[in-house]
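Coordinates in review
What follows is the residue order along each chain.
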Amino acid sequence: MGPETDFLNLSHKTEVDSDVKPYTMKEAITEAKRCLQCKVPMCKRGCPINNNITEFVGALAMGNLGEARSFLTQKTNLPAVCGRVCPHEKQCQGSCVLGRKGKPIHIGKLEQFVADFDADMELLRYTVPAKNRGRVAVIGSGPAGLTVAGDLALMGFKVTVYEAEEEPGGILMYGIPEFRLPKDVVRKEIRRIEEHGVNFITNTKIGVDKTIDNLFDEGYDAIFIGTGTAVSKGLDIPGRTLKGVMKSNYMLRRVFMFRSGEIRKDQLPVLPGERVTVIGAGNVAMDASRTAMKCGAASCTVVYRDVLETISAEPNEYEGAVNDGVEFKWLSTPIEYVGDSADYRLAGLKVECNGEEEIIPCDKCIIAIGSKPARLIISTTEGIEVNDQSYIEIRQEPYGMTTLKGVFAGGDVVHRPATVVLAMKEAKEVAEGIAKYVDAVKLIESLK
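Report on the accompanying structure.

Here we come to the overall build of the protein chain. Of regular secondary structure, the protein chain possesses 17 helices and 15 strands. Scored against the burial criterion, the 448 residues of the protein chain give a buried share of 52%. Long-range pairs, those at least 24 residues apart, make up 68% of the contacts in the protein chain with a sequence separation of at least 6. A total of about 20300 Å² of accessible surface is found on the protein chain, and carbon and sulfur atoms cover 50% of it. Put simply, the protein chain has 56 plus and 61 minus side-chain charges, and the middle of one group is 4 Å from the middle of the other.

The structure is reproduced here in structure tokens:
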């Protein structure tokens, strides 16, 4: 498949990689029947949210799709997402006893199948509890925000989610490429959460359009900050202002905008025939490099300071990049962006490799070396303490509350960037903390 064909594929609304094609009904039930239904299921221990794995797989094996979905609902608000992007090889699937023989149950694909089937057939209808327990504002609609919102709504809280972008979803919508996580899947998951009674307000940036104080003035009993790590880290080396040097979040967001029809083909950050380098070797670097190839790049080289065995990207993400034609240059430390003095455009990336310097010719260089929290909310609110890297400090009791009474935080804005399911795990604990706090405050007020 040539670069131009890859580029055209980027506009397909249902693009799916061959290695992640969903199961058919027969394939899913056949796979589920392999489950041993262990009395002590190691798969469940391997899941950060202790998902009801043996239960939903057992129900699926019997063809009980509604029951399988019900078991998933007890633990997760985002099964179709988790089924696609969780590092199953390190968690549930990696803990499956059948893995000792090299044939673990493909739990993620089964979860994806059940969630997708339910979304298409609308198997479940939720009994939405009365919203009389309190009002909670959730800032950010990524994995942490969606989890807190969904859990609290089912506990009887009236929840409003504030999102700065045009659509809710956060990193699920704007930061993970379509080939890994189709956006229609995210939209369906969000519609499910809306069915719990959650209200979404988009195009509203907290810290600009409203402040934390404004939200309390509007009558919210508690506020949750789940804004993640929205700011990509830069690399402070000479030439960083050259045209063609960009951060990964900018690149991935522009591609999303193209797919949504907001920008033209010629406004994409990577164009057909261009040579691309990517700095970093995490999952985001794999996403950026694969996206560059799907945009029609003539070549894409990932530059990493260490060796393959030390990369933070999941093995399947690395393999996907290799299959897409991405090349890797190990033990290479970037030292300068080299520009064309005539038009101040990037012409290459100078690296040090094994004590020698060399220049990798490139038209675009994408920096994917991590991210950090934005300071917009903190800078407009007094009383919320952060550490020296801008991550919000929280209490253990009630879990998730910041140093400002009634304000909670969770997910990547509290800890360093992690996986979707780890953000969900902590968010579920914070939701419990919020419920305890609001209940306690209302009880004290009723005794006055």
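As a general point, the strands of a sheet are linked pairwise by backbone hydrogen bonds and lie either parallel or antiparallel. Reading across the sheet, the 5 strands line up as β6-β13-β7-β8-β9 and stay open at both edges, with parallel pairing between neighbours. Every other strand in the sheet has two partners, leaving β6 (245-247) and β9 (327-329) as the edge strands with one partner each. Averaged over all pairs of adjacent strands, the angle between their axes in this sheet comes to 25°, without regard to strand direction. Inspection of the sheet shows strand β7 (residues 275-279) paired to strand β8 (residues 299-303) by 5 bridges, in the parallel sense. By the bridge assignment, V276 is partnered in β8 with C300. Across the sheet, helix α13 (residues 248-259) touches β6 and β13 (364-367), and the angle it forms with β6 is around 80°. The sheet strands contacting helix α14 (residues 283-294) are β7, β8, β9 and β13, and the helix crosses β8 at an angle near 165°.

Attention now goes to α13. In this model, α13 (12 residues) spans 17 Å end to end at C-alpha, consistent with the 16 Å of a helix rising 1.5 Å per residue. Most of α13 is tucked away, with 9 of its 12 residues classed as buried. Of the residues making up α13, those classed as buried are S248, M251, L252, R254, V255, F256, M257, F258 and R259. G261, located one to two residues past α13, shows a positive phi value of around 85°.

Let's shift gears to the pattern of salt bridges. If you walk through the whole model with that rule in mind, you get 29 salt bridges. Residues R187 and D184 are paired through a salt bridge, measuring 3.0 Å at the closest nitrogen-oxygen approach. Residue R187 and its partner D184 are both found in helix α11 (residues 183-195); the two are separated by 3 residues, about one turn of the helix. In this structure D184 comes out as partly exposed when scored by relative accessible area, which is 40%.

Take unusual backbone geometry next. Of the consecutive residues E397 and P398, the connecting peptide bond is found in the cis state with omega at -10°. Note that P398 resides in the loop between α16 (376-379) and β15 (407-409). Phi at Q37 takes a positive value of approximately 50°, unusual for a residue other than glycine. Following the sequence through the fold, Q37 ends up in the loop between α2 (25-32) and α3 (42-46). By relative accessible area, which is 40% here, Q37 ends up partly exposed. Even without being a glycine, N354 presents a positive backbone phi close to 55°. Within the secondary structure, N354 sits in the loop between β11 (345-353) and β12 (356-361). With a relative accessible area of 63%, N354 lands in the exposed category.

Among the secondary structure elements, G411 is positioned in the loop between β15 and α17 (420-447). C-alpha separation for the pair G411 and K425, spaced 14 residues apart in sequence, amounts to 8.6 Å. Excluding residues within four positions of it along the chain, G411 makes contact with A144, A423 and E426.

Burial of β7 is extensive: 4 of the 5 residues sit out of reach of the surface. Read as a crossover between parallel neighbours, the route from β7 over α14 to β8 is right-handed.

Attention now goes to the sheet that holds strand β2 (residues 158-162). The strand order across the open sheet formed by 5 strands is β3-β2-β1-β4-β15, and the pairing between neighbours is parallel. The strands lining the two open edges of the sheet, one partner per strand, are β3 (199-201) and β15. Strand-to-strand twist in this sheet, taken as the mean axis angle between neighbours without regard to direction, amounts to 20°.

So, how was this worked out
- Along each chain, residue indices are assigned from 1 in the same order as the chain's sequence is written.
- Only residues with pLDDT of at least 70 are given local features in this predicted model, and only at 80 or more are side-chain atom pairs given and counted; all residues enter the totals for whole chains, interfaces and linings.
- The side-chain quantities take in all heavy atoms of the structure and omit both hydrogens and water.
- A helix here means a DSSP run of H or I that spans at least four residues, while a strand means a run of E at least two residues long, and both kinds are numbered starting from the N terminus.
- Type-normalised accessible area, obtained with a 1.4 Å probe on protein chains alone, sets the label of each residue: buried when under 20%, exposed when over 50%, and partly exposed for intermediate values.
- Residue contacts are counted whenever heavy atoms from the two residues lie within 4.5 Å of one another.
- Using the Shrake-Rupley algorithm and a 1.4 Å probe, accessible areas are obtained, with residue cover drawn only from the displayed protein chains.
- Positive charges come from Lys and Arg alone, negative charges from Asp and Glu alone, with His and the N- and C-terminal ends not counted.
- The location of each charge is read from NZ of Lys, CZ of Arg, CG of Asp or CD of Glu.
- Pairing between strands is defined by DSSP: at least two bridges between the two strands are required.
- Angular values range over 0 to 180 degrees, each being the angle between N-to-C directions of two axes fitted as lines to C-alpha atoms, with helices fitted over their stretch in contact.
- An expected span of 1.5 Å times one less than the residue number is assigned to each helix.
- The term salt bridge refers to a pairing of a side-chain nitrogen on Lys or Arg with a carboxyl oxygen on Asp or Glu at a separation within 4 Å.
- Whether a crossover is right-handed depends on one test, that the path from the first strand over the helix to the second runs clockwise when the strands point away from the viewer.

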